[in-house]
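Here is how the chains run, residue by residue.
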Amino acid sequence: MNVYKFDFPNNETKAIIKIVVIAAVLLLIFGAVWASFFQVPVGYVGVRINIFSGETKSFAAGTYLKVPVMHKVVNYDVKTQRQEFKATSASKDLQSVHAIIVVNFRPDYSKVNDIHTNIGSDYLWKVVEPAVQEAAKAAISKLPVEMVVVERENLRAAIEERLSQKLAPYNIIIENVNITNIDFSHEFNRVVEEKQIEEQKVKKAEYQRMQAEEEKKRQILLAEAEAKKQELLKQSVNKEIIGLKWIEKWDGRLPAYMMGDGQNVIMALPNDKSK
């Protein structure tokens, strides 16, 4: 029968075990100390929450104490944030309008504790997004569809003003609002395109009509000028001028006509009855 014999650790082994235990204790102490501090980055406000009592307290950027297990910390970004929203609304004449609205906003850094208590860290989708939709619908519904683009700046200002009023009770500060795109329903775009085509046709027809009228006037003026020219020529032509023109063109040779064998010549001389 074999009997197991337990060998006690020698001094070297005991020293190693002691070192390991000490290191583990030190790590635990370091971890506990490390867990007793929290840091809030620049541009953030930290909210320290007591898990057991629910009590909250906000902290500016810096390093602070907390009780491990009892406290947890949520950091809120209080810098200016940019968020893009898609909004769809009906115009005053019940046409669909699609807009992309960009909102620059930030939470009030002095009210972050209230924001956490009343809304939570997902305030963007709980209050900001619905407020943007409501403000866009309210502003667009006051304009006929054809004026939405024309009144774009006034529309933007109306959305910004209403949004600021809606979010002020939630301690959300609106810095500015921009409308980066406006579009309409496919049917409305088709109607607008057809209308533009028809307007171009009307303009082209009007241009051609004006050209025809100008050409008609030009032809009338040419005809009147030609008639006047003929009238002046008629008044200026007489026998003396005809004779003068004949003399100017005569080369000094009399015309001759040969008859028979050419021996008898008959010459046609100018007949001047005035002499």
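Residues numbered from 1 in each chain as written. Predicted model: local features only at pLDDT ≥ 70, side-chain atom pairs only at ≥ 80, totals over all residues. Heavy atoms only, no water.

Draft legend 1. Quick look at the overall build of the protein chain. Looking only at helices and strands, the protein chain features seven helices and ten strands. Expressed as a percentage of the 275 residues in the protein chain, the buried residues total 22%. The long-range share in the protein chain, meaning contacts at least 24 apart out of those at least 6 apart in sequence, stands at 64%. As displayed, the protein chain has an accessible area near 20,700 Å², and 58% of this comes from carbon and sulfur atoms. (Helix = DSSP H or I, 4+ residues; strand = E, 2+ residues; numbered from the N terminus. Buried < 20%, exposed > 50% of the residue type's maximum accessible area, 1.4 Å probe, protein only. Contact = heavy atoms within 4.5 Å. Areas by Shrake-Rupley, 256 points an atom, 1.4 Å probe, with all protein chains shown as cover.)

Draft legend 2. Fine view of the sheet that holds strand β6 (residues 81-90). One open sheet holds the three strands; their spatial order is β6-β7-β8, and the pairing between them is antiparallel. Both outer strands of the open sheet, β6 and β8 (172-184), are each paired with one neighbouring strand and no more. Between one strand axis and the next, the sheet turns by 25° as a mean value, whatever way the strands run. Packing of helix α3 (residues 123-140) onto the sheet brings it into contact with β6, β7 (96-107) and β8, and relative to β6 it is tilted by some 45°. (Pairing = 2+ DSSP bridges. Axes fitted to C-alpha atoms, helices over the stretch in contact; angles between N-to-C directions.)

Draft legend 3. The pattern of salt bridges, seen in detail. Going through the model one piece at a time under the given rule, you end up with seven salt bridges. For D77, the salt bridge is made with K79, and the minimal N-O distance between the two is 3.0 Å. For E160, the salt bridge is made with R156, and the minimal N-O distance between the two is 2.6 Å. One end of the pair is E160 and the other is R156, both in helix α5 (residues 152-167) and four residues apart, which spans about a single turn. Using a relative accessible area of 21% as the deciding quantity, one classes E160 as partly exposed. Each of E153, R156 and E160 takes part in salt bridges that share partners, so that together they form one network. (Salt bridge = Lys/Arg side-chain N within 4 Å of Asp/Glu carboxyl O.)

Draft legend 4. Fine view of the sheet that holds strand β5 (residues 71-77). Spatial strand order, β3-β2-β5: three strands in an open sheet with antiparallel pairing. The open sheet has two free edges, formed respectively by β3 (56-59) and β5, since each of these has just one partner strand. Averaged over all neighbouring strand pairs, the angle between strand axes comes to 25°, with direction disregarded. For strand β2 (residues 44-50) and β5, the ladder comprises seven bridges, and the chain directions are antiparallel. By the bridge assignment, G46 is partnered in β5 with N75.

Draft legend 5. Main features of the layout of surface pockets. The calculated volume of the second largest pocket comes to roughly 190 Å³. Considering the residues around the second largest pocket, the lining is formed by 13 residues, among which A138, A139, K142, A158 and I159 are closest to the centre. Looking at the lining of the second largest pocket, the elements with two or more residues in it are α3 and α5. Here the lining of the second largest pocket gets seven residues from one element, more than from any other, and that element is α5. (1 Å grid on protein atoms, 1.4 Å probe; cavity = no way out; pocket = protein on both sides within 12 Å on 5 of 7 lines; lining within 4 Å. Points joined across faces, edges and corners; volume = space filled by probe spheres on them.)

Draft legend 6. Fine view of the pairing of β7. Of the pairings in the sheet, the one linking β6 to β7 comprises ten bridges and is antiparallel in character. The residue bridging T88 from the neighbouring strand is H98, located in β7. The turn linking β6 back onto β7 is made up of five residues, and L94 within it adopts a positive phi angle of 65°. One ladder, built from eleven bridges, connects β7 with β8; its direction is antiparallel. Looking at the pairing, H98 lines up with D183 of β8.

Draft legend 7. Region of the structure containing unusual backbone geometry. Unlike most non-glycine residues, V69 shows phi in positive territory, near 75°. Tracing the chain through its elements places V69 in the loop between β4 (62-65) and β5. Its identity as a non-glycine residue notwithstanding, L94 has a phi of 65°, on the positive side. Of note, L94 is situated in the loop between β6 and β7.

Draft legend 8. Highlighting the nonpolar core. One finds I101, V103, Y123, V128, I159 and L163 to be the most contacted residues of the largest nonpolar core, which totals 39 residues. With ten residues, α3 is the single largest residue contributor to this core. If near-sequence neighbours (up to four positions away) are discounted, V128 is found in contact with F85, Y123, L167 and I172. (Core = buried A, V, L, I, M, F, W, Y, C linked by side-chain atoms within 4.5 Å.)

Draft legend 9. Main features of the side chain of H71. Within the fold, H71 resides in strand β5. Residue class for H71 comes out buried when judged on its relative accessible area of 13%. The contact partners of H71, leaving out residues within four places of it in the chain, are R48, I49, N50, I51 and K66.

Draft legend 10. Broad picture of a nonpolar patch on the surface. Taken together, the side chains of I17, V21 and V25 present a nonpolar region at the surface, about 240 Å² in accessible area. Structurally, the position occupied by I17 is in helix α1 (residues 11-35). When its relative accessible area of 45% is taken as the criterion, I17 is described as partly exposed. (Patch = residues over 30% accessible without salt bridge, like charges linked within 9 Å, V, L, I, M, F, W, Y side chains within 5 Å.)

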